[in-house]
Amino acid sequence: MFFQELIDRFVQSWQTPLGIASQIISLLALFMSTWSFQEKNINRLLIFQTIGLALFIVSMLMLDPPGLVMAITNFVTIVRNIFSFIFKNKKKTFLFAFVPFYIAIYVLTFTVLKPFAFPNQEPNVFDYIVNTFPTIAILILTFCLASGREKQIVIFSLIAEPFFFTYDLYYVCLGAVISDIICTTSMIVALIRFRKRKSN
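Presented here is an overview of the structure given in this document. (Residues numbered from 1 in each chain as written. Predicted model: local features only at pLDDT ≥ 70, side-chain atom pairs only at ≥ 80, totals over all residues. Heavy atoms only, no water.)

**Examining the overall build of the protein**
If you tally the helices and strands in the protein, you get eleven helices and zero strands. Secondary structure elements of the protein, listed N to C terminal, follow the sequence α-α-α-α-α-α-α-α-α-α-α. Relative to the compact-globule value of 16 Å for 200 residues, the protein shows a C-alpha radius of gyration of 17 Å, a close match. Based on the C-alpha atoms only, the size of the protein along its principal axes is roughly 55 × 30 × 30 Å. (Helix = DSSP H or I, 4+ residues; strand = E, 2+ residues; numbered from the N terminus. Rg over C-alpha atoms; globule rule 2.2 N^0.38 Å.)

**Overview of the nonpolar core**
When a protein is soluble and globular, its nonpolar side chains tend to lie buried together. Core analysis: the largest hydrophobic core is formed by 36 residues, its most contacted members being Met 60 and Tyr 167. At the level of elements, α2 (17-36), α3 (42-62), α4 (68-86), α6 (99-109), α8 (125-130), α9 (133-147) and α10 (150-170) are the ones that each hand at least two residues to this core. (Core = buried A, V, L, I, M, F, W, Y, C linked by side-chain atoms within 4.5 Å. Buried < 20%, exposed > 50% of the residue type's maximum accessible area, 1.4 Å probe, protein only.)

**Description of the packing of α4 against α6**
In contact at an axis separation of 10 Å, α4 and α6 are set at 155 degrees when each is read in the N-to-C sense. Relative to α6, the element α4 lies roughly antiparallel. Judged by the sense of rotation from one axis to the other, the crossing of α4 with α6 is right-handed. Residues Val 69, Ile 72, Thr 73, Val 76, Thr 77 and Arg 80 of α4 form the contact with α6, whose participating residues are Phe 101, Tyr 102, Ile 105 and Thr 109. (Axes fitted to C-alpha atoms, helices over the stretch in contact; angles between N-to-C directions. Parallel < 35°, antiparallel > 145°, perpendicular 65-115°, else oblique. Left-handed = near helix turned anticlockwise from the far one by under 90°. Contact = heavy atoms within 4.5 Å.)

**A word on the pattern of salt bridges**
Tallied over the full model, the rule gives one salt bridge. A salt bridge links Glu 122 to Lys 114, with the shortest nitrogen-to-oxygen separation between them at 3.0 Å. Look at Lys 114 and you get partly exposed, because its relative accessible area is 22%. (Salt bridge = Lys/Arg side-chain N within 4 Å of Asp/Glu carboxyl O.)

**Focus on the packing of α3 against α4**
Interhelical geometry of α3 versus α4 gives an angle of 160 degrees and a closest axis separation of 8 Å. In this view, α3 runs roughly antiparallel relative to α4, as classed from their interaxial angle. The crossing of α3 and α4 is left-handed. Touching Asn 43, Leu 46, Thr 50, Leu 53, Ala 54, Phe 56, Ile 57, Met 60 and Leu 61 of α3 are Leu 68, Met 70, Ala 71, Asn 74, Phe 75, Thr 77, Ile 78, Asn 81 and Phe 85, all from α4. Taken together, the residues of the contact of α3 with α4 break down into 13 nonpolar, five polar and no charged. (Nonpolar A, V, L, I, M, F, W, Y, C, P; charged D, E, K, R; others polar.)

**Comments concerning the packing of aromatic side chains**
Evaluation of the coordinates by the stated rule reveals ten aromatic pairs. For the pair Phe 133 and Phe 163, a centre-to-centre distance of 5.3 Å together with 75 degrees between the ring planes defines the contact as edge-to-face. Within this pair, whereas Phe 133 is found in helix α9, its partner Phe 163 is found in helix α10, the two being separated by 30 residues in sequence. Exposure remark for Phe 163: the relative accessible area of 24% places this residue in the partly exposed category. Among the aromatic residues, those joined into a ring-pair cluster are Tyr 106, Phe 110, Phe 118 and Tyr 128. (Phe/Tyr/Trp six-rings, centres within 6.5 Å; stacked < 30°, edge-to-face > 60°.)

**With respect to the environment of Trp 14**
By the element assignment, Trp 14 lies in the loop between α1 (2-13) and α2. Sequence separation between Trp 14 and Tyr 102 is 88 residues, and the spatial gap between their C-alpha atoms is 30 Å.

**Details of α6**
Buried within α6 are the following residues: Val 99, Tyr 102, Ile 105 and Thr 109. Down the axis of α6, the buried set is contained in an arc of 120 degrees. They therefore lie on one face. Turned more than 90 degrees away from the buried face of α6 sit Pro 100 and Phe 101, all of them exposed. (Arc of directions from axis to C-beta.)

**Notes on a nonpolar patch on the surface**
Taken together, the side chains of Ile 7, Phe 10, Val 11, Trp 14, Ile 20 and Ile 24 present a nonpolar region at the surface, about 540 Å² in accessible area. When residues in the nonpolar patch are grouped by element, the largest group, three residues, is from α1. Following the sequence through the fold, Ile 20 ends up in helix α2. For Ile 20, a relative accessible area of 33% translates into the label partly exposed. (Patch = residues over 30% accessible without salt bridge, like charges linked within 9 Å, V, L, I, M, F, W, Y side chains within 5 Å. Areas by Shrake-Rupley, 256 points an atom, 1.4 Å probe, with all protein chains shown as cover.)

Below, the structure written as structure tokens:
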């Protein structure tokens with residue numbers, strides 16, 4: 001039943017001009033996010049990443065049903081990154097300060113924001129489960145980023161990525177799905193390098 005739901009969503013996403021536009025914007029977001037890693041200047045890197053996240057927000061909101069949890073999560077992440085960049089000496093403080101906001105997103109989606117998150121139908125059991133995934137993933141990333149240890153960040157990011165991937169696949173956001181695959185591949189390569197470095 002879950003896979004049938006995925007197939008139905010995929011077909012539906014290419015049947016309307018809005019759905020097609022959403023997929024095109026998600027691919028543009030993918031390009032911006034990927035290009036950001038080619039930048040050596042930290043300011044330009046953050047600018048490209050922020051633009052990429054903003055485009056993913058637009059893409060998610062254009063889906064039917066909209067990927068509201070991920071859209072709001074990305075918005076909160078942009079705000080958090082801006083504060084963390086401006087107040088670099090208090091980066092850890094801001095990482096944890098935004099945790100309640102991430103948790104509140106899920107609760108609000110199925111209460112106050114429910115008419116916007118599910119405009120044409122009542123949420124099913126898969127909706128309730130899959131919409132927890134961005135929150136779980138972002139909490140894992142928050143705690144690993146706070147550690148500041150490169151290897152731990154890679155390992156926990158690898159744990160968090162399947163949650164993002166499943167959500168993006170469920171909501172059929174093509175650019176985000178490809179981005180998740182690229183990120184997962186990059187982290188696996190990074191882990192292999194860590195092991196080689198340790199063995200040497």
